[in-house]
Amino acid sequence: MNKIESKNVHLYYGDFHALKGISMSIQENTVTALIGPSGCGKSTYLRLFNRMNDLIDNVRIEGDILLDGRDIYKKNIGMRIDELRKKVGMVFQKPNPFPKTIFENVAYGLRVNGIDHRSFIEERVETSLRQAALWEEVKDKLKKSAFELSGGQQQRLCIARALAIEPSVLLMDEPASALDPISTSKIEELIYELKTKYTIIIVTHNMQQAGRVSDRTAFFYLGDLIEYDDTPVIFTNPKDIRTQSYVTGRFG
Amino acid sequence: MTKQTKEYIAFWIFRILSFIVLAILIWILYFIFVRGWHMLSWDFLTKMPEDGMTKGGIYPAIIGTLYLVAGSMLFAFPIGVLAGIYIHEYTNDSKFKRFMKLMTNNLAGIPSIVFGLFGMSLFVKTLNFGDSILAGSLTLGLLALPVVIRVTEEALIAVDDSFRHGSLALGASKLITIRKVVLPIAMPNILTGLILSIGRVSGETAPILFTVAAYFLPKLPTSIFDQVMALPYHLYVISTSGTKVQESRDMAYGTALVLVLFVLILNLLANALRRYLGNKVKMN
Ligand SMILES: Nc1ncnc2c1ncn2[C@@H]1O[C@H](COP(=O)(O)OP(=O)(O)OP(=O)(O)O)[C@@H](O)[C@H]1O
Ligand SMILES: [Mg+2]
């Protein structure tokens, strides 16, 4: 079944036409990579799925986006925005832990969604930190400030924080671009493992990374979806000449 | 002239100018300390004025100023902070934001004597509070309001949007995001600004002139409808309009020193608090 479906989606920043009729469907428990040159609309497209574009002034959105078959933008019959964001977690480009303890960072999403049962929270925090492959490194300093962690650890903390409220979709906007190679490969392994439980959409500028972690790849260019196919096809046998020159590094 | 010489001259001009500023500041402080220091004593701080205010202490003026500062903050802090939050977090319209900024700037630029007149007309006369702590505090509070609003706005601007987005993306509402993430980060700066505005308020004479300040009132207030003496006004009175201006010179310098020390201590406190909260915020 299609986890996510976008049908002819247009997005305008004021007069600027940033997404020009994007249609694509995303299967459950797969990793989809969004690639394309800077400014082509990858982040904009990603932010549609948890309605983060709503925070920007003068944004106009047309078309439909369905999550589990339900329209996430239609007023009344659609999904409430907090309900949506509980189902669709997001990891940002720059690690952005809150100025709280490691524990409270992970517990935050639970607390703000009305959960205050202590042992349940403790259990969720541990599980999430384990899922984010961070537990062993932080289990003795849960009461320490999240800012004391390294950048790579902070990013995994942000992943744990997103996982704690048990979303079914995880959006990642260049989650490893600010990290060193070792942290990057940790995050990539993580994505690979998380795939069994989550539907992941990841924006990346790193072709090798897209090749390694994703099942499907979508190539964007100037607000258009040029090509969307199985990752090996995109990288070895693309149909569009623009896709080919991008993935082989001839422009970017 | 070579580029380096120009660079060199510019550097020294800046350096000398900033030294001049520093020197003036030190000079003023030195002047007040030297003349006022010998007046400082327990009695001076805790006794009523005596002998036409040429002897005794300034206790009622100190207490009066404390009441006024507390009263004005009780009024200006909640309203100012809430207004600042509203303007920065809840209005998307940048025109409205600019308009509010313009208005608060204008408000901050109004001479304090005008606030005094306004306070007299509204609080003392129309609302019939009379010359009272209440009327004086509200007037001073109005004066502090634009400062508190600005300080709050600046503190909120300094909070990186990535924190807000991180919270919203977890399904938190805007209100919860502000309460649990934004405000704890902004609070050290807000409180620092608040304490600095207390410094400003505690030194103002004009706004309390027609609304609360008593020329000579050697007793403590018993309710918010009483008049009080206050440090800046007391200083003004004993150095200009008393009958024995010459004899009360020492008292005047002593009072000035107390006022300056009060503001200095507040500023140090503001710094310490910022550092303390800055550390704490990372931890809770
Ligand atoms: N808040 C905004 N207001 C106006 N225009 C915007 C805004 N955000 C993005 N844009 C424009 O929309 C287009 C797509 O931006 P987007 O951030 O989605 O690109 P991207 O593919 O993620 O680029 P990058 O790889 O550099 O992150 C760009 O031309 C950008 O200038
Ligand atoms: Mg981007």
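Residues numbered from 1 in each chain as written. Chains lettered and ligands numbered in written order. Predicted model: local features only at pLDDT ≥ 70, side-chain atom pairs only at ≥ 80, totals over all residues. Heavy atoms only, no water.

Enquirer: Account for the overall build of chain B, naming residues and giving values.
Expert: Each helix and strand counted, chain B has 11 helices and 2 strands in total. In chain B, the succession of α and β elements from N to C terminus is α-α-β-β-α-α-α-α-α-α-α-α-α. Judged by the C-alpha coordinates and their principal axes, chain B covers about 70 × 65 × 35 Å. When burial is assessed residue by residue, chain B has 42% of its 284 residues classed as buried. Sequence-distant contacts, at least 24 apart, represent 75% of the contacts inside chain B between residues at least 6 apart. Side-chain charges in chain B split into 24 positive and 15 negative, and the spacing between the mean points of these groups amounts to 8 Å. (Helix = DSSP H or I, 4+ residues; strand = E, 2+ residues; numbered from the N terminus. Buried < 20%, exposed > 50% of the residue type's maximum accessible area, 1.4 Å probe, protein only. Contact = heavy atoms within 4.5 Å. Lys, Arg positive; Asp, Glu negative; His and termini not counted. Charge placed at Lys NZ, Arg CZ, Asp CG, Glu CD.)

Enquirer: Give me the overall build of chain A: which residues, what numbers.
Expert: When helices and strands are counted, chain A shows 10 helices and 10 strands. With the principal axes as the frame, chain A shows a C-alpha extent of 55 × 45 × 35 Å. In chain A, buried positions account for 55% of the 252 residues. Expressed as a percentage of contacts within chain A between residues at least 6 apart in sequence, the contacts between residues at least 24 apart total 65%. Of the roughly 11,000 Å² of accessible surface on chain A, 48% is carried by carbon and sulfur atoms. Of note, chain A has its 34 positive side-chain charges centred 2 Å away from the centre of its 33 negative side-chain charges. (Areas by Shrake-Rupley, 256 points an atom, 1.4 Å probe, with all protein chains shown as cover.)

Enquirer: Run through helix α3 (residues 59-90) of chain B, naming residues and quoting values.
Expert: When the terminal C-alpha atoms of α3 of chain B are compared, their 45 Å separation across 32 residues agrees well with the 46 Å that a helix rising 1.5 Å per residue should span. Ala 76 of chain B marks where α3 of chain B bends most, by close to 30°; the proline Pro 78 of chain B follows one to four residues later. (Expected span 1.5 Å × (residues − 1). Bend = angle between axes of the 7 residues up to and from the residue.)

Enquirer: Could you give an account of a nonpolar patch on the surface, naming the residues involved and the relevant values?
Expert: There is a patch of nonpolar side chains on the surface, built from Met 1, Tyr 8, Ile 9, Phe 11, Trp 12, Ile 13, Ile 16, Leu 17, Ile 20, Ile 24 and Ile 28 of chain B and spanning about 1,100 Å² of accessible area. Topologically, Met 1 of chain B is positioned in the segment before α1 (3-36). (Patch = residues over 30% accessible without salt bridge, like charges linked within 9 Å, V, L, I, M, F, W, Y side chains within 5 Å. Salt bridge = Lys/Arg side-chain N within 4 Å of Asp/Glu carboxyl O.)

Enquirer: If you had to explain the sheet that holds strand β2 (residues 16-27) of chain A to someone new, which residues and values would you point to?
Expert: All names here are of chain A. Reading across from one edge, β2-β1-β4-β5 is the order of the 4 strands in this open sheet, with antiparallel pairing throughout. Across the chains shown, the open sheet's two edge strands, defined by having one partner strand only, are β2 and β5 (70-71). Pairing geometry for strand β1 (residues 2-13) and β2, over 9 bridges, is antiparallel. The residue bridging Ile 4 from the neighbouring strand is Ile 26, located in β2. (Pairing = 2+ DSSP bridges.)

Enquirer: I'd love a proper account of the packing of aromatic side chains, names of residues and values included.
Expert: Inspection of every chain in the model, using the stated rule, returns 12 aromatic pairs over all chains. Residues Tyr 86 of chain B and Phe 96 of chain B carry aromatic rings whose centres are separated by 6.4 Å and whose planes lie at 80° to one another, so their mutual orientation is edge-to-face. Here Tyr 86 of chain B, found in helix α3, pairs with Phe 96 of chain B, found in helix α4 (residues 94-109); they are 10 residues apart in sequence, far enough to count as distant. Connected via pairs of aromatic rings, a cluster forms that spans Tyr 45, Phe 49 and Phe 220 of chain A. Of note, Arg 60 of chain A hangs over the ring of Tyr 12 of chain A, and the distance from its end group to the ring centre comes to 4.2 Å. The ring of Tyr 228 of chain A carries the charged tip of Arg 216 of chain A above its face, separated from the ring centre by 4.5 Å. (Phe/Tyr/Trp six-rings, centres within 6.5 Å; stacked < 30°, edge-to-face > 60°. Lys NZ or Arg CZ within 6 Å of the ring centre and 35° of its normal.)

Enquirer: Lay out the environment of Arg 98 of chain B with the relevant residues and their values.
Expert: Among the secondary structure elements, Arg 98 of chain B is positioned in helix α4. Through-space distance from the C-alpha of Arg 98 of chain B to that of Ile 87 of chain B is 9.7 Å; in sequence the pair is 11 residues apart.

Enquirer: Pulling in residues and values, what's your account of the sheet that holds strand β9 (residues 216-221) of chain A?
Expert: Residue and element names in this part refer to chain A. The strand order across the open sheet formed by 6 strands is β6-β7-β8-β3-β9-β10, and the pairing between neighbours is mixed. Two strands in the sheet have a free side with no partner beyond their single neighbour: β6 (88-91) and β10 (224-230). Each strand of the sheet is rotated relative to its neighbour by a mean of 15°, with strand direction disregarded. Here β9 runs beside β10; their pairing, made up of 6 bridges, is antiparallel. Note that in β10 the partner of Arg 216 across the bridge is Asp 230. Where helix α6 (residues 151-163) meets the sheet, its contacts fall on β6 and β7 (169-173), and the angle it forms with β6 comes to roughly 170°. Where helix α7 (residues 181-194) meets the sheet, it contacts β3 (31-35), β7 and β8 (199-203), and its direction lies at approximately 150° from that of β8. (Axes fitted to C-alpha atoms, helices over the stretch in contact; angles between N-to-C directions.)

Enquirer: I'd love a proper account of the pattern of salt bridges, names of residues and values included.
Expert: This structure, assessed with the given rule, holds 25 salt bridges over all chains. Among the ionic pairs, Glu 188 of chain A bridges to Arg 212 of chain A, the shortest N-O distance being 2.6 Å. With Glu 188 of chain A in helix α7 and Arg 212 of chain A in helix α8 (residues 207-213), this residue pair connects regions lying 24 residues apart in the sequence. The partner of Glu 204 of chain B in a salt bridge is Arg 200 of chain B, and the shortest N-O contact between them spans 3.5 Å. Note on Arg 200 of chain B: relative accessible area 37%, which makes it partly exposed. One connected set of salt bridges, linked through shared partners, spans Glu 126, Arg 130, Glu 136 and Lys 139 of chain A.

Enquirer: Run through the nonpolar core, naming residues and quoting values.
Expert: Among the nonpolar cores identified, the biggest contains 107 residues, and Leu 129 and Ile 159 of chain A are the most heavily contacted of them. The element that contributes the greatest number of residues to this core is helix α6 (residues 133-157) of chain B, accounting for 12 residues. If sequence neighbours within four positions are ignored, Leu 129 of chain A has contacts with Val 106, Leu 134, Trp 135, Val 138, Leu 142, Leu 157 and Ala 160 of chain A. With 32 residues, the next largest nonpolar core counts Leu 46, Tyr 73, Leu 171 and Val 203 of chain A among its residues. (Core = buried A, V, L, I, M, F, W, Y, C linked by side-chain atoms within 4.5 Å.)

Enquirer: Run through the environment of Val 138 of chain A, naming residues and quoting values.
Expert: All names here are of chain A. Turning to its location among the elements, Val 138 is positioned in helix α5 (residues 135-138). As a C-alpha pair, Val 138 and Lys 239 span 101 residues in sequence and 47 Å in three-dimensional space. Setting aside chain neighbours within four positions, we find Val 138 in contact with Ile 102, Leu 129 and Leu 149.

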